[in-house]
Amino acid sequence: MSSDFEAYEQDFGTLTAEITNKIGRIPKLAGEEKTQLVLNVDKQLEEVRELLEQMDLEVREIPIQSRGMYNSRLKSYKQEMEKLEKDFKRSRIAYSDEVRNELLGDNGSSSESQRAHLLDNTERLERSSRRLEAGYQIAVETEQVGQEILTNLHSDREKIQKSRDRLRETDANLGKSSRILTSMLRRIIQNRVLVFILGAIILLTIVLAIYFNLRGH
């Protein structure tokens, strides 16, 4: 299990190094070249998010006694991811001197003020994004818990149904056994009555034979 986590760590390190290099190049570019690089970085950041999700799932499968160390490492990776996202957003609104002069002229103080305003808006968007992400995570975890509950309920329902079927089968077997025992008891009683009648006839025959024998003498 830990080997999978470490493999994800290696992929994370490779991707974040590439992203860091590209983020540093974005403010120096303009036009189509800048757009393509921004799209490429955005795609790689999505890959990093997926890696973090996989790492989070791996940590949950690690035994509790060893989980603390991996949780700490995962937390630092998430913090690094947040920093990358922040740097990426700043780089997207950062202009080279040439582009800035074309758009805003030579008024440096106005440019810095606008840049600060853009950064402030970016920070607000980032905070909102984190809240949405946290809410989404809670929703996903809630859905997972609900799915587990439904699965458990379905399993319990199947067990109850099987127990009910076994009880019905047992009840049917008991009814059949009861009928067999009743039939056997009836036959035993009939046999005893027949034996009693035969015994009585034999006894009566013996008595009559003795009587007529004595009477003949």
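Residues numbered from 1 in each chain as written. Predicted model: local features only at pLDDT ≥ 70, side-chain atom pairs only at ≥ 80, totals over all residues. Heavy atoms only, no water.

> Please explain the overall build of the protein chain as it appears in this structure.
Along the backbone of the protein chain there are five helices and zero strands. Across the protein chain, helices and strands are ordered from the amino to the carboxyl terminus as α-α-α-α-α. Counting only residues that meet the buried cut, the protein chain has 19% of its 217 residues in that class. (Helix = DSSP H or I, 4+ residues; strand = E, 2+ residues; numbered from the N terminus. Buried < 20%, exposed > 50% of the residue type's maximum accessible area, 1.4 Å probe, protein only.)

> Looking at this structure, I do not really get the packing of helix α2 (residues 31-61) against helix α3 (residues 64-92). What am I missing?
Working note: a packed helix pair is described by the angle between its axes plus the distance between those axes. In the contact formed by α2 and α3, the axes pass within 11 Å of each other and the chain directions differ by 165 degrees. Taken together, the axes of α2 and α3 are roughly antiparallel relative to one another. Classified by chirality, the crossing of α3 by α2 is left-handed. Contact residues: K34, V38, V41, D42, L45, V48, R49, L52, M55, D56, V59 and R60 in α2; R67, Y70, N71, L74, Y77, K78, M81, L84, E85, F88, S91 and R92 in α3. (Axes fitted to C-alpha atoms, helices over the stretch in contact; angles between N-to-C directions. Parallel < 35°, antiparallel > 145°, perpendicular 65-115°, else oblique. Left-handed = near helix turned anticlockwise from the far one by under 90°. Contact = heavy atoms within 4.5 Å.)

> Explanation requested: a negative patch on the surface in the structure shown.
Taken together, the side chains of E18, E47, E50 and E53 present a region of like negative charge at the surface. In terms of residues, the negative patch owes the most to one element, α2, which gives three residues. Exposure remark for E47: the relative accessible area of 33% places this residue in the partly exposed category. (Patch = residues over 30% accessible without salt bridge, like charges linked within 9 Å, V, L, I, M, F, W, Y side chains within 5 Å. Areas by Shrake-Rupley, 256 points an atom, 1.4 Å probe, with all protein chains shown as cover. Salt bridge = Lys/Arg side-chain N within 4 Å of Asp/Glu carboxyl O. Lys, Arg positive; Asp, Glu negative; His and termini not counted. Charge placed at Lys NZ, Arg CZ, Asp CG, Glu CD.)

> Help me understand the pattern of salt bridges in this model?
Once their charged atoms are close, side chains differing in charge can pair, the charge on each being opposite to the other. Scanning all chains against the criterion turns up five salt bridges. We note a salt bridge from R73 to E9, for which the minimum N-O separation is 2.6 Å. On the criterion of sequence distance, the pair formed by R73 in helix α3 and E9 in helix α1 (residues 2-25) is long-range, its members being 64 residues apart. For R73, a relative accessible area of 23% corresponds to the partly exposed category. A salt bridge links R49 to E85, with the nearest nitrogen and oxygen atoms 3.0 Å apart. With R49 in helix α2 and E85 in helix α3, this pair connects stretches of sequence that are 36 residues apart. Residue R49 is classed as partly exposed on the basis of its relative accessible area of 27%. Bridged by salt links that share partners, the residues E46, R49 and E85 form one connected network.

> How do you make sense of the packing of aromatic side chains when you look at a structure like this?
Note on aromatic pairs: each is described by the distance of the centres and the angle between the planes. What the rule picks out here adds up to three aromatic pairs. Look at F5 and Y70: their rings are 5.0 Å apart centre to centre, the planes differ by 85 degrees, and that puts the pair in the edge-to-face class. Placement of the pair is F5 in helix α1 and Y70 in helix α3, with a sequence separation of 65 residues. Taking the relative accessible area as the measure of exposure, F5 reaches 0% and is therefore buried. A relative accessible area of 7% means that Y70 is categorised as buried. (Phe/Tyr/Trp six-rings, centres within 6.5 Å; stacked < 30°, edge-to-face > 60°.)

> It is not clear to me how the nonpolar core should be interpreted in this structure. Could you clarify?
Formed by 23 residues in total, the largest nonpolar core has its most connected members in I19, V41, L45, V48, L52 and F88. When residues of this core are traced back to their parent elements, those giving at least two are α1, α2 and α3. Discounting residues that sit within four places of it in the chain, L52 has contacts with F12, L74, Y77, K78 and M81. (Core = buried A, V, L, I, M, F, W, Y, C linked by side-chain atoms within 4.5 Å.)

> Help me understand the confidence of the model for the protein chain, please; the structure alone is not making it clear to me.
Interpretation of the predicted coordinates at a detailed level should be avoided for regions scoring low in pLDDT. Summing up the model confidence of the protein chain, the mean pLDDT is 80 and the portion of residues at 70 or higher is 76%. Per-element averaging of pLDDT across the protein chain places helix α4 (residues 97-104) at the bottom with 51 and α2 at the top with 90. (pLDDT = per-residue confidence, 0-100.)

> How should a nonpolar patch on the surface be read in this particular structure?
Taken together, the side chains of L185, I189, V193, F196, I197, L198 and I201 present a nonpolar region at the surface, about 700 Å² in accessible area. The class of I197 is partly exposed, set by a relative accessible area of 41%.

> Explain α3 to me, please; I cannot follow it from the model alone.
Helical periodicity: at 3.6 residues per turn, an α-helix aligns residues three or four positions apart in one direction. Taking 1.5 Å per residue as the helical rise, α3 with its 29 residues ought to reach 42 Å, and the 41 Å between its terminal C-alpha atoms agrees with that figure. Those residues of α3 not exposed but buried are Y70, L74, Y77, M81, L84, E85, F88 and S91. (Expected span 1.5 Å × (residues − 1).)

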